[in-house]
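# Per-entry structural report
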Amino acid sequence: MSSRPQVAVSSTATDPIVTEIIRNALLACAEDMNQTLIRSSYSPIIYEGKDCSAAILDEQGNVLGQSTGLPIFLGNLEACVRVTVERRGWDAFRSGDVFFLNDTYLTGSHLNDATIFAPIFWRERLVGFSATRAHWLDVGAQDPGGSMSAREVFAEGIRVAPVRLYEAGKPCRDVIDILALNTRFSETLMGDLNAQVAACRTGEARFRRILDRFGYEAYMAARDDFFRQSELMERAAVDAIPDGIYRACGLLDGDGRGGPALPVKLRIDVAGDQIAMDLTGTAPQSSGPGNVGYAGTLSACRVAFKLLVHPERPVDGGTFRTLTVTVPPGTICSATPPAPCQFYFTPLGMVIDLALRALAPAIPHAVAAAHYGDSMVMRISGQAAEDERFLMTGPHPGGWGGWHNGDGADALINAVNGAFKDYPIEVVERKFPVVVRGYGLRADSGGPGRHRGGCGIYRRMQVLRPAELYSWFERSVTPAWGLFGGAHGAKPDVVINPGRSDERHYLKANAVALAPGDIVELKTGGGGGFGPPWERDPEQVRNDVLDGYVSTAAAESAYGVVIVAHGQIQEPRTRERRAQMLADSRDETCIDRAPFSR
Amino acid sequence: MPQFLEARDLRIAADIGGTFTDLIAVERDTKRAIATKVSSRPDQPAEGVLEGLRQVLSDPARLEFLVHGQTVGLNAFLERKGARVLLLMTAGVSDAYTIARHDRRDLYALQYRKPTRLVPRRDVFEVPERLRADGSIEIPLDPASLEPVMERIERDQIQAVAVCLLHAYLNPVHEEHIRELLHERCPAVFVSLSSEVAREWREYERASSAVLNAYVAPSIERYLRHLELKLAELNVTAPVRIMQSNGGVTSTRRARRQPIQTLLSGPVGGAIAAARLGEATGRRNLLCADMGGTSFDVSMVVDGRPTGSTEAELEGLPLLLPLIDIHTIGAGGGSIGWLEGGGLRVGPHSAGADPGPACYGRGGRSPTVTDANIVLGRLDAEHFLGGRMALDTEAASAALKPLATELGLTVLALAEGMLRIINAAMADAIRTITVKQGIDPREFSLVAFGGAGPMHAVALAHELEIPEVIVPWSPGTFSAWGMLQTDIRQDFTQSFYRPVDRLAGDEVLSSLRALERTGATALEEDGVETGRITFERAADLRYVGQEYSVNVPLPGDEPVDPRVAAVAFHEAHRARYGHAMPDASVEFVNLRVAAIGTISRWPWTRRPPPREGDGRLGQRTVVFDGVKHDTPALLRHGISASDRLAGPLLIHEDSATTVIPPGWKARVDDCLNLLVHQP
């Protein structure tokens, strides 16, 4: 906290009414783009998974309005526009142009994420950009949908620096044809590409109409005005966080090929209304695919910031002005060529959890214990019929961390994803030669605490045809930690043929052959608990037992609640157990048991 | 017995709302409509209906039928006072209900809570059985496995059970068998089958629909039984028809079996009324704005029909059912103006009905949109709700003052600014809805009704560049009137996954015919004469690989050529999404048939009540665009068809006030609609 002067409100005459109308209109404009994209896209990962985002940007690339969508796309659409300007110059843009890029190091994402944007001209002046990003099912990696085992980016698919898809309104067939050929699912890719272009056109038309109505000067004044509003609010919010240096560290499992665990180190300096996040000390980039370009790490730090500072507010060019992010080059969070980046989100989930962990002592009411942490991607691929291959891919939900006034959610998608919906069993079984034999919540997977961590899930799938299994399951070395005495959640696991003589366990699997009839069981982790478990209301523990979230045995061992037949609480033994747990805890010096904090 | 029917020359609609129960009685021969409003009794909803009936129905023998819109089921849901439901699901995957879908609605909410389910995990039972993805049986149902469920039903006196088995949308045999078994042992228990409630894929959404159906069923059953008893005491023998969210009505018998169909029926009457208004006045495309104190519902009539949907959500819980699309926008008279980061915001917080806007004088202190309207002179403090409620102009002004001071604006400038912001935001929301549908609002007329609709309608039309606003006669009872314009309707769906290019034409036709036979039987059971039954066919199609499908009407009674349907699909796709791929493979997803029992309609004319004087209420001072205008205030029923009016103008009537800004022209048509046009 400091007495740093606040940003002065501009003395230029702005009309608060017009500012608000334009601000709302720009938000609606981005939402209309997103609706256009979702409703016309081809792949379930976009229309069900909402693995996409749309924004309208000003002529500098600042966000004017961004749609809801994938949280981790916060802030890197503008990076794509700026990088194009750096390479091509401002004169490169013409009305009717549409640009495409997916270069992992520029976008801070994996090659599957296609950024498509269009410059917007109004009365022959460049006034802004409409930009979209969406996950394309396949961009020609060595394995379908993306590679689990790439050692270099060149195995991850086609990599494209900013190029035109449309030039002055005319499609550039030569470029589009290259994209169409470098995918296993050409029709789908073309459909998604068209959907993104349509979304850009929607944004362009709407933005122009706003300018037609209010004129350029009024729009510019309004823009500066609402950027300033956002900045003011964020400065005040950061100013309210106690000054200090906060640290947290966690270990990622490794490169997927048996290499050592990879540390992610975060230091946060809060000074007045400034907040600086620094990842110095984080592991050097690895030859496994869990690296990410700097732009992605910037997004993750922004997501963490957003979770704590005005999470309800939309993002614009005035947000994140108090946040700086430092990552020395060449780490897993600032990868350079040729590091593979297919699982770019793995370090990002850790960065987000660590930021909350670091700031927990400063703002305990705003944070939560760690969540299960990663997307837990599993793919099953093979021949559905002689002339038809299938690719089932997607993330899986797990438990979220408890917080000062509530339990963590069960079976919720991870922080870097957002509106990602899972595929219903009936859809899966209809589309793929797979039968879901079991699907449910993992009892006792949520970290015990006064407020319990949410439960992870299990899903047991039987393949009907020869297939290959790919999986990238993370956060087993540092599972979701608890806070303030809460315990950690369960780790993830992938098992082939559980209970059979050929049972095998994996976290990272690459092209593991599956025979018809084989069973794959995945288990995702739970969230961390918040506060000592023996302080949890015994009635809540009893209810958890009746609903099967917690076993009778764990109720006693982890919570000190003794439950006898018919779900009744045995009061005297419960009092005794809990008193003992409290006494035992006093012997420990560290009140929060987060395993890797320092 | 035609003479007997002849004698029945009165139709009545009774629409229960949150505050008032609206009744409207229409006489066939005089074409007169009598409307009345009585206070709703949430604890005893039937009482308002009966009290209203006593007012408008002198001779029960004259009543042809009573159409009833009720909110009993919705209220039971919203207050979470429905029945305890046991849910039966396929063994191994029963957590699909508890887990729901794993998406997060609120992207940056760290302390997130999922929507509250209606069935706790301990009440979900597993049934050992399994169908394959093609609907064939892999593991047969073992009747003995239901023993624990039966015991629980008996022990805990369970009233309702929902059943959702995997792939039952393709083959309901196990679900139906379970119902038989349950009814053998526990005949009184209500059984809700997912294959009957929502015959579409996606097990969580289907389970959620079946559960919701079971959850409200006992409340609806109790209510209808009570109502029918009381109607019998009044000697009412005419049939009662229950309004459904699909825009049609149904018998009380069927409403008891599928109460879910009545859940979202509340705002549907307005959309039907608008469609009928369009039909009577030759307009095919209408945007319908129903704005009350706290809610703002938008629906659309496109090409003469209200647009529909097959999916909805209640407090985060999904429902699969055919319904007229009603979009609720979080803006209304109660929306509050406030400051954020030094910038002015209006909404989404609302003062609600209680305490409500400051001018209600119920202790509200926050400046609301209604307060802004009254400060600007657009709302007449003396004629609000026909004079039943006095508004406090001073309190409205006092509520706006502090905010105005902080922004360096006058109270008037703030008030007008708040209206501009809320109007623009409402227009943005409407535009987003039209974008989803691929519609251009400029080709539409705006029909405004509800208490606050006519006040904002012209400003909304201006924002959306809509050239014409229509305010129907008595906008406050327009929805109830719409309920009298409905047909009996039941919708039937059949999953039908077939690629167009591998399909014989008669395969589609035979499936449609089967649905039509089911529909005819259902309507005949409800007493509809065979000759009055017609069908509307439609199919959901999509490009192979897409998930969302586009609904394409299949006109006529002819055999269906799949390739013709595919062409219609390409066109619909282009209209909605701006692009189509004529070379890509297309597949059928669902076949749909609506079985319709036509009810003869009485022609749309409305006899104006006798004119009282010249209807002038004097001059008011009203602010438009920062300028005070001397504005005449008129009584609606003082305007005759020959009058040519021009804004600025205020038009008052019992249930609403229409605000006409300078430059806009207004007149009334033969149906007593007020037509307002862009200059």
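The structure displayed is predicted, hence computed values, not measured ones. (Residues numbered from 1 in each chain as written. Chains lettered and ligands numbered in written order. Predicted model: local features only at pLDDT ≥ 70, side-chain atom pairs only at ≥ 80, totals over all residues. Heavy atoms only, no water.)

### Quick notes on the sheet that holds strand β27 (residues 616-624) of chain B
Residue and element names in this part refer to chain B. Taken together, 4 strands build an open sheet; the order of strands is β27-β28-β30-β31 and the sheet is mixed. The sheet terminates laterally at β27 and β31 (656-660), the two strands that pair on one side only. Averaged over all adjacent pairs, the angle separating strand axes in this sheet is 25 degrees, with direction ignored. Two elements, β27 and strand β28 (residues 627-635), share 8 bridges in a ladder whose sense is antiparallel. (Pairing = 2+ DSSP bridges. Helix = DSSP H or I, 4+ residues; strand = E, 2+ residues; numbered from the N terminus. Axes fitted to C-alpha atoms, helices over the stretch in contact; angles between N-to-C directions.)

### Regarding helix α2 (residues 45-56) of chain B
Residue and element names in this part refer to chain B. Taking 1.5 Å as the rise per residue, α2 with 12 residues should run 16 Å; its terminal C-alpha atoms sit 18 Å apart, in good agreement. The complete set of buried residues in α2 reads Pro45, Ala46, Gly48, Val49, Leu50, Gly52, Leu53 and Val56. At its buried positions, α2 is contacted by β1 (10-16), β2 (20-27), β3 (33-39), β4 (63-69), α3 (72-78) and α8 (203-233). (Expected span 1.5 Å × (residues − 1). Buried < 20%, exposed > 50% of the residue type's maximum accessible area, 1.4 Å probe, protein only. Contact = heavy atoms within 4.5 Å.)

### Notes on the packing of aromatic side chains
Residues and elements named next belong to chain A. One pass over the structure, following the stated rule, counts 23 aromatic pairs over all chains. Ring centres 5.1 Å apart and planes at 75 degrees place the aromatic pair Phe93 and Phe129 in the edge-to-face group. In this pair, Phe93 is assigned in the loop between α3 (76-88) and β3 (98-101) and Phe129 in strand β5 (residues 125-135), connecting sequence segments 36 residues apart. Exposure remark for Phe129: the relative accessible area of 0% places this residue in the buried category. Three or more aromatic residues link up through ring pairs in this structure, and these residues are Trp90, Phe93, Phe99, Phe117 and Phe129. It is Arg125 that lies over the ring of Tyr216; its NZ or CZ is 3.8 Å from the centre. In this structure, Lys508 is placed above the aromatic ring of Trp472, and the distance from its NZ or CZ to the ring centre is 4.7 Å. (Phe/Tyr/Trp six-rings, centres within 6.5 Å; stacked < 30°, edge-to-face > 60°. Lys NZ or Arg CZ within 6 Å of the ring centre and 35° of its normal.)

### With respect to the interface of chain A and chain B
Between chain A and chain B, the contact holds 87 residues from the first and 70 residues from the second. Counting each side, the surface lost to burial between chain A and chain B is near 7,100 Å², with a carbon and sulfur contribution of 54%. The interface formed by chain A and chain B includes 8 salt bridges. Its salt-bridge partner being Asp547 of chain A, residue Arg122 of chain B comes within 2.9 Å of it at the nearest N-O pair. At the boundary of chain A and chain B, one finds 34 residue pairs in polar contact (both at pLDDT 80 or more). Sorting the residues of the side of chain A that touches chain B by element identifies α1 (16-40), α2 (44-47), α6 (186-214), α7 (216-239), α8 (294-308), α10 (425-431), β14 (434-441) and α11 (538-546) of chain A as the ones contributing at least two each. At 14 residues, the largest contribution of residues to the side of chain A that touches chain B is made by α1 of chain A. Considered class by class, the residues forming the side of chain A that touches chain B number 45 nonpolar, 21 polar and 21 charged. (Buried area = accessible area lost by both parts, 1.4 Å probe. Salt bridge = Lys/Arg side-chain N within 4 Å of Asp/Glu carboxyl O. Polar contact = N/O pair within 3.5 Å; in protein donor to acceptor, adjacent residues only side chain to side chain. Nonpolar A, V, L, I, M, F, W, Y, C, P; charged D, E, K, R; others polar.)

### Quick word on the pattern of salt bridges
Within this structure, the stated rule accounts for 88 salt bridges over all chains. One salt bridge connects Glu525 of chain B with Arg254 of chain B, and the closest N-O pair in it is separated by 3.3 Å. You can see Glu525 of chain B sitting in helix α16 (residues 505-525) and its partner Arg254 of chain B sitting in helix α9 (residues 252-257), a full 271 residues away along the chain. Take Arg254 of chain B: its relative accessible area is 10%, and that puts it in the buried class. Residues Glu507 of chain B and Arg498 of chain B are paired through a salt bridge, measuring 2.7 Å at the closest nitrogen-oxygen approach. Taking relative accessible area as the criterion, Glu507 of chain B reaches 28% and is therefore assigned partly exposed. Salt bridges sharing partners connect three or more residues here, namely Glu20, Arg23 and Arg313 of chain A together with Glu340 and Arg345 of chain B.

### Re the packing of α1 of chain A against α7 of chain A
Residues and elements named next belong to chain A. At a closest axis distance of 9 Å, the pairing of α1 and α7 adopts a crossing angle of 85 degrees. Here α1 lies roughly perpendicular to α7, going by the angle between them. On α7, the residues that touch Thr19, Ile22, Arg23 and Leu26 of α1 are Ala218, Tyr219, Ala222, Asp225, Phe226 and Gln229. By residue class, the composition of the contact of α1 with α7 is 6 nonpolar, 2 polar and 2 charged. (Parallel < 35°, antiparallel > 145°, perpendicular 65-115°, else oblique.)

### A closer look at helix α12 (residues 552-559) of chain A
All names here are of chain A. Regarding α12, the residues found buried are Ala554, Ala555, Ala558 and Tyr559. When α12 is viewed along its axis, its buried side chains cluster within an angular range of 105 degrees and face the same direction. Taken together, the buried residues of α12 touch α11, β21 (563-564) and α13 (571-586). At the exit of α12 stands Gly560, carrying a positive phi of roughly 70 degrees. (Arc of directions from axis to C-beta.)

### Remarks on the nonpolar core
Core analysis: the largest hydrophobic core is formed by 257 residues, its most contacted members being Ile268 and Leu469 of chain A together with Tyr97 of chain B. In terms of residues, this core owes the most to one element, helix α13 (residues 411-437) of chain B, which gives 12 residues. With sequence-adjacent residues up to four places away left out, Leu469 of chain A is seen in contact with Met378, Arg379, Ile380, Val494, Ile496, Ala509, Asn510, Ala511, Val512, Leu514 and Val520 of chain A. Counting residues in each nonpolar core, the second largest holds 60 residues, with Ala275, Leu541, Val560 and Ala565 of chain B among its members. (Core = buried A, V, L, I, M, F, W, Y, C linked by side-chain atoms within 4.5 Å.)

### Observations regarding the confidence of the model for chain A
Residues and elements named next belong to chain A. On average, chain A scores 92 in pLDDT, and the residues at 70 or more come to 95%. For the stretch residues 1-11, pLDDT sits under 50, and the model shows 21 contacts to residues farther than four places along the chain or on other chains. Within the model, the stretch residues 589-598 combines pLDDT values under 50 with 25 contacts to residues more than four positions away or in other chains. (pLDDT = per-residue confidence, 0-100.)

### Side note on unusual backbone geometry
Note that the residue after Pro337 of chain A, namely Pro338 of chain A, is joined by a cis bond; omega there is 5 degrees. Residue position: Pro338 of chain A is located in the loop between β11 (323-326) and α9 (345-359). The step from Gly347 of chain B to Pro348 of chain B runs through a cis peptide bond, and the omega angle for that step is 0 degrees. Here Pro348 of chain B lies in strand β20 (residues 343-350). Residue Ala168 of chain A is not a glycine yet carries a positive backbone phi of 45 degrees. Structurally, Ala168 of chain A can be placed in the loop between β6 (163-167) and β7 (170-171). Taking relative accessible area as the criterion, Ala168 of chain A reaches 44% and is therefore assigned partly exposed.

### Describing the packing of α2 of chain B against α8 of chain B
All names here are of chain B. Where α2 meets α8, the axes come as close as 10 Å, and the angle between the chain directions of the two elements is 25 degrees. Considering their axes alone, α2 and α8 lie roughly parallel with respect to each other. In this structure, α2 meets α8 at a crossing whose hand is right-handed. Facing Pro45, Ala46, Glu47, Val49, Leu50 and Leu53 of α2, the residues of α8 in contact are Tyr223, His226, Leu227, Lys230 and Leu231. Partitioned by chemical class, the residues of the contact of α2 with α8 number 8 nonpolar, 1 polar and 2 charged. (Left-handed = near helix turned anticlockwise from the far one by under 90°.)

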